[in-house]
Amino acid sequence: MSRGNERKPTSTKAIVLRSVLALGLALGCVNAVKREDFKTCAQSGFCARNRAYADLAKDTPQWTSPFQLNPSSLRLQKGIISGDLLNIQEEQLPASGKALSFELHLLDTEAVRVRINEVDPIKPRYDGVQDTVLIRPYGYSSEGQYERLSKDDNGVLSVKYGSEGQNTVKITSAPFKVEFLVNGVSTVILNEEGLLRFERLRNKEAESEKLVDQGAQGEQEGEIQIEKSALELKLEENLWDERFKDNTDSKPRGPESFGMDITFSGISHVYGIPEHATSLSLKSTRGPDAPYTEPYRLYNLDVFEYEIDNPMALYGSIPFMMGHSKNSTAAVFWMNAAETWIDVEKTNEDKASGLLSWIKTKKVTPTPTTKTHWISESGVLDVFVFLGPTQRDIFRQYASLVGTTAMPQSFAIAYHQCRWNYNTQQDVAEVDAGFDEHDIPYDVLWLDIEHTNGKRYFTWDDAKFPNPADMQLSLGAKGRKMVTIIDPHIKKDSGYHVSKQGTELDVYIKNKDGDTDFDGWCWPGNSNWIDFYNPKARDWWASNFNYDKYVGSTKNLFTWNDMNEPSVFSGPEITIPKDVIHYGNVEHRNVHNLYGTMFHSATAQGLTQRNETNQRPFVLSRAFFAGTQRYGAIWTGDNTATWEHLEIASPMLLTIGLAGVPFSGADVGGFFGNPEPELLTRWYQAGIYYPFFRAHAHLDSKRREPWLFGEPYTTQIREAVRTRYTFLPFWYTLFQEASVDGMPIIRPMFTEFPEDEAVFGMDDQYMVGDALLVKPVTKAGVTRSTVYFAGNEKWFDIKDYSVQQGPGAKEIASPANKIPVYQRAGTIIPRRERPRRSSKAMENDPFTLVIALDSKGEASGKIYLDDGETFDYQSGDYLLREFRVSKGVLSSHDIKPAGALAQGKKISEFVQRVGGLRIERLVILGSAGLKTVRVGDRTVSVSCVKTAGNHVCTVKEPQVAIGEDFSLQLE
Ligand code: NOJ
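- As recorded by an unreviewed UniProt entry, the protein chain carries the name Glucosidase II subunit alpha and is attributed to Entomortierella parvispora.
- Word for word, the UniProt comment on the protein chain under Subcellular location (unreviewed entry) is "Endoplasmic reticulum".
- One UniProt comment on the protein chain, placed under Sequence similarities (unreviewed entry), says "Belongs to the glycosyl hydrolase 31 family."

Below is the structure:
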């Protein structure tokens, strides 16, 4: 039996099932996820209760929220509005009936934060997510940046804010509602549907006494007991301990969930809330025609053989959602790391302007609206609202809270070769040599769990890898790196130094008694899990990466963090029980979705502070949350070698990027199963446009290094991988942009063409930055693809420079050796066109600028270069330049701040060297034909080829350097 399915089964039935699955895989069958391992909303007490509340609201004519703000308590001071929020049906509440606190913060970035919390709860509610997710305390809008408009008798308080005063927040007291308007148009509304519900903490004993008491009194006084409806009864189900399959969640604090609806008014497309294997534009989960019946779930889980087109939870969670229409863009970030479910419902009903029936009779186009319902198990209701006005503003506003992507080392954006497992040092050497032999560039070779001594991380299987440091050095000699896997479960073994020290330092997650170490089953057998909430644990963990502690590691070795949801084979839903305890007596329930990120961050800290410092870390993680981008890359976990999985990878990666984590990829080739050569080739052709580009395969899958399928596949894959390398300067520049202003790297069409409704639901083609249009081929046997060319400008094929005119869809040839990829007119892309064996080997190569002129004869683009390894760029040691064509002149200049020079420092050796690299070629597309190029008095010859509808003009050796200011006259 394969070790690929060696998860410790909890019962004989499970053993049989796993065996059947493994056999299916071996036979190449496509398996389905074991849905019964994972909860539905109905099986999750708090989700069921909050959904029942929504049903109750729907079933109740004239439903209004019982929550009201006490108008006399409302205050606006120093950018904060606060007040007391009361539930007027107090008698329905089992607890004290005290008010909730309401706060609305006007941030200096124009974002708004709304917080609803319990006042004086019997135990503090968990409010620590902000400490790990927000990068720094934010500033408030100062008085003068907002204007209090009115507080009328109905208790409506309106405040105008935003740089142009374009935004208004209108707080209605009764029923409680918070409406956000942009230029007077309603855009985001909190609690419009009245679904706000807040379970106060209560005391189990007192509650059961009260119930007994009430029963007795009722009988004594002969009171008429009002029958509760089935829905009302549902609101009281599963309040305390809750069973799912073989596990009971003890829920010592009882029910503490909350929910609220958020309306995106006038907006029919919403995006985000990764990770789900679904479309970019989210589908309805409620309403008569809803394609899904379950809400989208956010709960980091290791879902074996996940299904596509499904709102089930996966490995990562980011509660960020963006809504977009032709007229507006808005987003919300629901800052909560507990299990969360989100219902989405699309309607055409427009409450503000009248009834649907009226709209129908008058044949007025109804305003589409998306209503969402957010439900979290515990913590504090804490939501940020971003009104842009543009998407770029929203990305910046969100990034100013949760941070931007860390600038990776340059090797990290090149090609990674992985499989479970490369078996021996000899195997590694042969695979490495195979790339050279077949002239396929690659940068990183990965080792999965089998390289260790019995799944004891930070160790090596000495028989298979006798000289790990030498192995890394020989890769390093070719400019290549290695990555090894390090998971968060630590084999219980007093002879294993990490396990022993972990016990001595007392850094493991505790059982619900808060005292004994939790243990469970994972790859190594019985294991403990490090508590990354403990600062001591984090520091100790980080120190394990020091070269003297991680014996056999060198500066060429980087890290892969897997199984960090965390995956616990013996646990409920294959994860850790919710009632285990972290440092500071924090129940895991509150922080589940952040656990993987805490691990990722401690590992990145370890690589950063290895004895030899000043090297940027590289850590790949499977679990993620908002803020993960600060620590490294993520991938979409265990996909399958099918065309459907290739297809779903684009929307999944686009969604993750929108939610602030741009450095992501999917296993090229598909993890489970064996791709036929055509699928593998098509996957490479798509994968070279993933920000993180790695091939990976399951232990049981056949070997599939790119040359193993023979011709024409080897040539086709070589061609694809080389294309990635050609575009590395462009990718690196996009990473820099993402690291500064939070822009996604691969972007949905609607991000670049926000006014073109035809692209709002499009996710089978996308943009890389603002310049490249990519349309992966995701079906067998396809040689023609329909590509939508947005905008009114031309698009140039990146290989043969043939031209297409937008707007409109066209059928384009997509023969086996290429997928449609086009450069947008008006852009300039820097490339490096000499094939080499690694990105490091290209670092002194000259550049080509591909200049795609728009209809006005203009174009612009950027290049960012730094040493690709160290943190020196943070003190200005980089080049960031802009190229621009305007009025027939191509110019190059520094974008301020221009690195060391701008800061009055000596120009570094790096900037001098790189700045002096020459531009060896200009390719100018979209001109009416050129004759010469003049640089001052010097004339350089141009050769133009006329193709259908396009002149492709090449200027060889214009004798200018990449870091130099120049003006070239294009004539
Ligand atoms: C699960 C990961 O998702 C997969 O990529 C890896 O190969 C296996 N764990 C073994 O480590």
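From this point on, the discussion continues.
Here's the deal with the site of the ligand
And step 1. Around the ligand, 13 residues are found, and the nearest of them are Asp448, Asp562, Arg622, Asp638 and His696.
And step 2. In the model, an oxygen atom of the ligand is placed 2.9 Å from a nitrogen or oxygen of the Arg622 side chain.
And step 3. Here His696 contributes a side-chain N or O atom positioned 2.9 Å from an oxygen atom of the ligand.
And step 4. A total of 300 Å² of accessible area belongs to the ligand in isolation, and the protein chains cover 99% of it.
And step 5. The residue makeup of the shell around the ligand, split by class, is eight nonpolar, one polar and four charged.

Side note on the nonpolar core
And step 1. One finds Trp541, Phe618 and Tyr689 to be the most contacted residues of the largest nonpolar core, which totals 185 residues.
And step 2. Among the elements that take part in this core, helix 13 (residues 643-658) stands out by supplying nine residues, more than any other.
And step 3. Here this core gathers at least three residues from each of two domains, domain 1 (67-199 + 254-398) and domain 3 (846-971).
And step 4. Each residue touching Phe618, except ones within four places of it in the same chain, is listed here: Phe411, Ala412, His416, Trp446, Val483, Phe558, Thr559, Leu607, Ala633, Phe663 and Phe692.
And step 5. Tyr161, Leu190, Leu298 and Val385 belong to the second largest nonpolar core, which has 49 residues in total.

Here's the deal with the UniProt feature "domain: Glycosyl hydrolase family 31 C-terminal" (unreviewed entry) in the protein chain
And step 1. Under the UniProt annotation, "domain: Glycosyl hydrolase family 31 C-terminal" (unreviewed entry) lies at residues 742-829.
And step 2. Annotation note: span residues 742-829, helix share 5%, strand share 39%, distance between end C-alpha atoms 20 Å.

Observations regarding unusual backbone geometry
Negative phi characterises most residues that are not glycine, and trans characterises most peptide bonds.
And step 1. The omega torsion across Ala174 and Pro175 is -10°, close enough to zero to call that bond cis.
And step 2. Along the chain, Trp420 connects to Asn421 via a cis peptide bond; the corresponding omega equals 15°.
And step 3. In this structure, Asn421 sits in the loop between strand 22 (415-417) and helix 8 (425-437).

Some remarks on the state of the cysteines
And step 1. For the coordinates displayed, the defined rule picks out two disulfides.
And step 2. Two residues, Cys944 and Cys953, share a disulfide whose sulfurs are 2.1 Å apart. Its S-S torsion of about 110° marks the bond between Cys944 and Cys953 as right-handed, since a negative value means left-handed.
And step 3. With its disulfide-bonded cysteines labelled consecutively along the sequence, the protein chain is connected as 1-2, 3-4.
And step 4. Considering cysteine sulfurs only, Cys522 is the nearest to Cys418, which forms no disulfide, with 17 Å between them.
And step 5. Among the residues examined, Cys418 registers a relative accessible area of 2% and is labelled buried.
And step 6. The exposure class of Cys522 is buried, given its relative accessible area of 1%.

The rules behind each value
- Residues numbered from 1 in each chain as written.
- Predicted model: local features only at pLDDT ≥ 70, side-chain atom pairs only at ≥ 80, totals over all residues.
- Heavy atoms only, no water.
- UniProt positions renumbered as here; feature names shortened; annotations may be inferred.
- Near = heavy atom within 4 Å.
- Polar contact = N/O pair within 3.5 Å; in protein donor to acceptor, adjacent residues only side chain to side chain.
- Areas by Shrake-Rupley, 256 points an atom, 1.4 Å probe, with all protein chains shown as cover.
- Nonpolar A, V, L, I, M, F, W, Y, C, P; charged D, E, K, R; others polar.
- Core = buried A, V, L, I, M, F, W, Y, C linked by side-chain atoms within 4.5 Å.
- Buried < 20%, exposed > 50% of the residue type's maximum accessible area, 1.4 Å probe, protein only.
- Helix = DSSP H or I, 4+ residues; strand = E, 2+ residues; numbered from the N terminus.
- Domains from an automatic or database assignment.
- Contact = heavy atoms within 4.5 Å.
- Disulfide = S-S within 2.5 Å.

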